[in-house]
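Now for the letters of each chain:
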Amino acid sequence: MSDSIRTKEEMFDSLIKIIKSKRFKRKLAKLNDNFFNLKQEIQIRNLLVELFNKKFKKEGERAIAEYRVPNKKASNKNIRIDLALVNTNKKALIELKYLFPNDPQIEKESLKNYFSEREECNYLIAIICNGNKHIREAYEHYWGIETIFSGRYSEDSQWKELLEKQFKSLESKSKYLEPIEITVEKPFETTYHFFILERK
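For the structure given in this document, a descriptive report is provided here. (Residues numbered from 1 in each chain as written. Predicted model: local features only at pLDDT ≥ 70, side-chain atom pairs only at ≥ 80, totals over all residues. Heavy atoms only, no water.)

A few points about the overall build of the protein
Turning to step 1, where the next piece is worked out: A count of helices and strands for the protein gives seven helices and six strands.
Turning to step 2, where the next piece is worked out: Written out in order from the N terminus, the α and β elements of the protein read α-α-α-β-β-β-α-α-β-α-α-β-β.
Turning to step 3, where the next piece is worked out: In summary, the protein has a C-alpha radius of gyration of 17 Å against a globular reference of 16 Å for 200 residues, a match within 12%.
Turning to step 4, where the next piece is worked out: Taking the principal axes of its C-alpha atoms as reference, the protein extends roughly 55 × 35 × 30 Å.
Turning to step 5, where the next piece is worked out: Of all 200 residues assigned to the protein, the portion counted as buried reaches 46%.
Turning to step 6, where the next piece is worked out: Considering only contacts in the protein between residues 6 or more positions apart, those separated by 24 or more positions represent 65%.
Turning to step 7, where the next piece is worked out: As displayed, the protein has an accessible area near 11,300 Å², and 47% of this comes from carbon and sulfur atoms.
Turning to step 8, where the next piece is worked out: Averaging the positions of the 39 positive and the 31 negative side-chain charges in the protein gives two centres separated by 6 Å. (Helix = DSSP H or I, 4+ residues; strand = E, 2+ residues; numbered from the N terminus. Rg over C-alpha atoms; globule rule 2.2 N^0.38 Å. Buried < 20%, exposed > 50% of the residue type's maximum accessible area, 1.4 Å probe, protein only. Contact = heavy atoms within 4.5 Å. Areas by Shrake-Rupley, 256 points an atom, 1.4 Å probe, with all protein chains shown as cover. Lys, Arg positive; Asp, Glu negative; His and termini not counted. Charge placed at Lys NZ, Arg CZ, Asp CG, Glu CD.)

Looking at the pairing of strand S2 (residues 78-86)
Turning to step 1, where the next piece is worked out: For S2, a buried count of seven out of nine residues is recorded, marking the element as mostly surrounded by other parts of the structure.
Turning to step 2, where the next piece is worked out: Looking at chain direction, strand S1 (residues 62-70) and S2 are connected through eight bridges and run antiparallel. Each bridged residue has a counterpart across the sheet, and for Tyr67 the counterpart in S2 is Ile81. (Pairing = 2+ DSSP bridges.)

A word on the packing of helix H2 (residues 22-35) against helix H3 (residues 41-56)
The axes of two packed helices give the description: the angle between them and the distance between them.
Turning to step 1, where the next piece is worked out: Between H2 and H3, whose axes approach to 11 Å, the crossing angle comes to 150°. As for how H2 packs across H3, the hand of that crossing is right-handed. Residue-level contacts link Arg23, Phe24, Lys27, Leu28, Leu31 and Phe35 of H2 to Gln43, Ile44, Leu47, Leu48, Glu50, Leu51 and Lys54 of H3. (Axes fitted to C-alpha atoms, helices over the stretch in contact; angles between N-to-C directions. Left-handed = near helix turned anticlockwise from the far one by under 90°.)

Structural notes on the nonpolar core
Turning to step 1, where the next piece is worked out: Counting residues in hydrophobic clusters, the biggest one holds 40 residues, and the most contacted among them are Phe24 and Ile125.
Turning to step 2, where the next piece is worked out: Where this core is concerned, the elements lending two or more residues are helix H1 (8-19), H2, H3, S2, strand S3 (91-99), strand S4 (123-131), strand S5 (174-184) and strand S6 (190-199).
Turning to step 3, where the next piece is worked out: Ranked by residues supplied to this core, first place goes to H3 with seven residues.
Turning to step 4, where the next piece is worked out: Excluding residues within four positions of it along the chain, Phe24 makes contact with Ile18, Ile19, Ile44, Leu47, Leu48, Leu51, Ile182 and Phe194.
Turning to step 5, where the next piece is worked out: Counting 22 residues, the second largest nonpolar core, distinct from the first, contains Leu124, Ala126, Phe167 and Leu170. (Core = buried A, V, L, I, M, F, W, Y, C linked by side-chain atoms within 4.5 Å.)

Concerning the sheet that holds S5
Turning to step 1, where the next piece is worked out: A sheet is described by the order of its strands in space; here six strands give the open sequence S1-S2-S3-S4-S6-S5, paired in mixed fashion. The open sheet is flanked by S1 and S5, the only strands paired with a single partner. Adjacent strand axes in the sheet meet at a mean angle of 30°, parallel and antiparallel pairs treated alike.
Turning to step 2, where the next piece is worked out: Strand direction decides the pairing type here: S3 and S4, joined by six bridges, are parallel. The partner of Glu95 across the bridge, within S4, is Leu124.

See below:
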C-alpha cells in the first residue's frame, strides 16, 4: 500500500485515464458485442469498477458501485451514488447516465438539472451512444429483435452542441471537462461519447 493518500481529483483522473486506455476500448467492444440490445450503464459502471480495482486496490483505493451517502435534502435518508472511488480519507462520488442523441432528456436539459440538484455527487459522466441507424436495424432484424435504440440515433451533431451548451452553462458551479469519444467495431460500429462535469 502507498503511504500517500490521493485526493478525489487524483483518483478521478485515474478513472479518466482508464476510460482513455486501449484496454478499456477492447473491453467496451466485447461488452457491446454481448449487450448491444441493452442500455449499458450498469455494464460500463461494472467494467470501470473492475478495471479501477485491478489497478488501485493494492494501493489502498477501491471503486465501489451503488455507494450509499446521506441525502443532503433529507438527513434521515441515504441515497445511492452509481460509483465511488474511495480511500481512507477521500471519496470521489460519480453519477453515470447512459443516453442516445435523440433521447428527450437531452432536449429537456434533464442532465444539467439532475447534476444541479444531485448535490451529493462530485462528478457526472453522461455516456451518449450513437451509430448508424440502418446498420443497427439490419443487425437487430437478423437476430429477430427490435429495440427503440436506432430511432434515438442521430446523423447530425445538434444534440452534441446542445449538451455542451447546457454543461457549459453550469460554469459557476462546475467545470466541463474535455469529452472523450470511443468507437468500437463489434458487433457493428458504435461510438460512445463521454461528457463529464466536475463540481467546483
